[in-house]
Amino acid sequence: MNEIKPDPNLKSEPLPRLGEIGLSNFAPYLMNRIMGRYNSDLRQEMSGLGLTTPKMRALAVLSVIDALPITELAVYAVVEQSTLSRALDQLTADGLVRREPDPKDSRVTRIAITDTGRAAYEQLWPTMSRIYSQMFHGISTDERQAFVATLQKILGNIRKHDF
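The rules behind each value
- Residues numbered from 1 in each chain as written.
- Predicted model: local features only at pLDDT ≥ 70, side-chain atom pairs only at ≥ 80, totals over all residues.
- Heavy atoms only, no water.
- Helix = DSSP H or I, 4+ residues; strand = E, 2+ residues; numbered from the N terminus.
- Buried < 20%, exposed > 50% of the residue type's maximum accessible area, 1.4 Å probe, protein only.
- Contact = heavy atoms within 4.5 Å.
- Areas by Shrake-Rupley, 256 points an atom, 1.4 Å probe, with all protein chains shown as cover.
- Lys, Arg positive; Asp, Glu negative; His and termini not counted.
- Charge placed at Lys NZ, Arg CZ, Asp CG, Glu CD.
- Axes fitted to C-alpha atoms, helices over the stretch in contact; angles between N-to-C directions.
- Parallel < 35°, antiparallel > 145°, perpendicular 65-115°, else oblique.
- Left-handed = near helix turned anticlockwise from the far one by under 90°.
- Nonpolar A, V, L, I, M, F, W, Y, C, P; charged D, E, K, R; others polar.
- Expected span 1.5 Å × (residues − 1).
- Arc of directions from axis to C-beta.
- 1 Å grid on protein atoms, 1.4 Å probe; cavity = no way out; pocket = protein on both sides within 12 Å on 5 of 7 lines; lining within 4 Å.
- Points joined across faces, edges and corners; volume = space filled by probe spheres on them.
- Salt bridge = Lys/Arg side-chain N within 4 Å of Asp/Glu carboxyl O.

Q: Which residues make up the overall build of the protein, and what values do they have?
A: Looking only at helices and strands, the protein has seven helices and three strands in total. In the protein, the succession of α and β elements from N to C terminus is α-α-α-β-α-α-β-β-α-α. Taking the principal axes of the C-alpha coordinates as reference, the protein spans close to 55 × 40 × 30 Å. Scored against the burial criterion, the 163 residues of the protein give a buried share of 25%. Contacts spanning at least 24 positions in sequence make up 49% of the contacts within the protein whose residues lie at least 6 apart. Accessible area of the protein: about 11800 Å², with a carbon and sulfur share of 54%. In the protein, which carries 20 positive and 19 negative side-chain charges, the distance between the mean positions of the two groups comes to 3 Å.

Here's what the structure looks like:
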């Protein structure tokens, strides 16, 4: 298991306990609530297309960055590799993705979205877009951009991969 090491440049002041911070002020809790609601709102549309959250995430990533190695797809889709492998088996059987050998490394398999997979994703996109817009209702463009920039910095602080 990876160990989170303290930043030696930070002062070692006692950190407040979760009860002192409060759930409504604890960013990981809020992010989980937001993503839980987002995934729940998508579930009905996804199930109508025969998709689960891991399948949807894989198709969404592949619609932007196609023909990824499985290990990179797992990182981008935020899905455990074992869970993703099962989802990819089903997506392949359904003709939504295809497996391709990497031309530079025979040990690597790349996953590419098919036209059928892209069509399924495009059918889901309006719902994804509507929910995304709903999340930012009443939030100005500047606030949204600042929020996304902050999330990108946070991801940079905790990222374990170069992509």
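Q: Quick rundown of the packing of helix α2 (residues 27-48) against helix α6 (residues 115-135)? Include the residues and the values.
A: Axis separation between α2 and α6 bottoms out at 10 Å; the angle between their running directions is 150°. Taken together, the axis directions place α2 and α6 in an arrangement best described as roughly antiparallel. As for how α2 packs across α6, the hand of that crossing is right-handed. Contact with α2, carried on its side by I34, Y38, D41, L42, E45 and M46, involves Q123, L124, T127, M128, I131, Y132 and M135 of α6 and no other residues of that element. Across the contact of α2 with α6, the residue classes break down as nine nonpolar, two polar and two charged.

Q: Now, about helix α5 (residues 81-93): what can you tell me, with residues and values included?
A: Over its 13 residues, α5 runs 18 Å from end to end, which matches the ideal 18 Å to within 8%, given 1.5 Å per residue. Those residues of α5 that sit buried are L84, A87, L88 and L91. One side of α5 carries all its buried residues, which in axial view fall inside an arc of 105°.

Q: Please provide a residue-by-residue account of the layout of surface pockets, values included.
A: Where empty space is left can be seen by rolling a probe of water-molecule size over the atoms. Taken as a whole, the largest pocket holds about 2600 Å³ of empty space. Lining the largest pocket are 40 residues, and of these M35, Y76, V78, L151 and L155 lie nearest its centre. Of all the elements in the fold, those that place two or more residues in the lining of the largest pocket are α2, α3 (53-64), α4 (70-77), α6 and α7 (141-158). In terms of residue count, the dominant contributor to the lining of the largest pocket is α7 (eight residues). Across the lining of the largest pocket, the residue classes tally to 30 nonpolar, six polar and four charged.

Q: Quick one: what's the story with the pattern of salt bridges, residue by residue and with numbers?
A: For the structure on display, the rule yields five salt bridges. The partner of R99 in a salt bridge is D89, and the shortest N-O contact between them spans 2.6 Å. With a gap of ten residues between them, R99 in strand β2 (residues 97-101) and D89 in helix α5 connect regions that are remote in the sequence. Judged by relative accessible area, R99 falls into the partly exposed class, the value being 35%. Between E100 and R98 there is a salt bridge, with its nearest N and O atoms 2.9 Å apart. With a relative accessible area of 25%, E100 lands in the partly exposed category. Accessibility expressed as a relative area gives 38% for R98, which makes it partly exposed.

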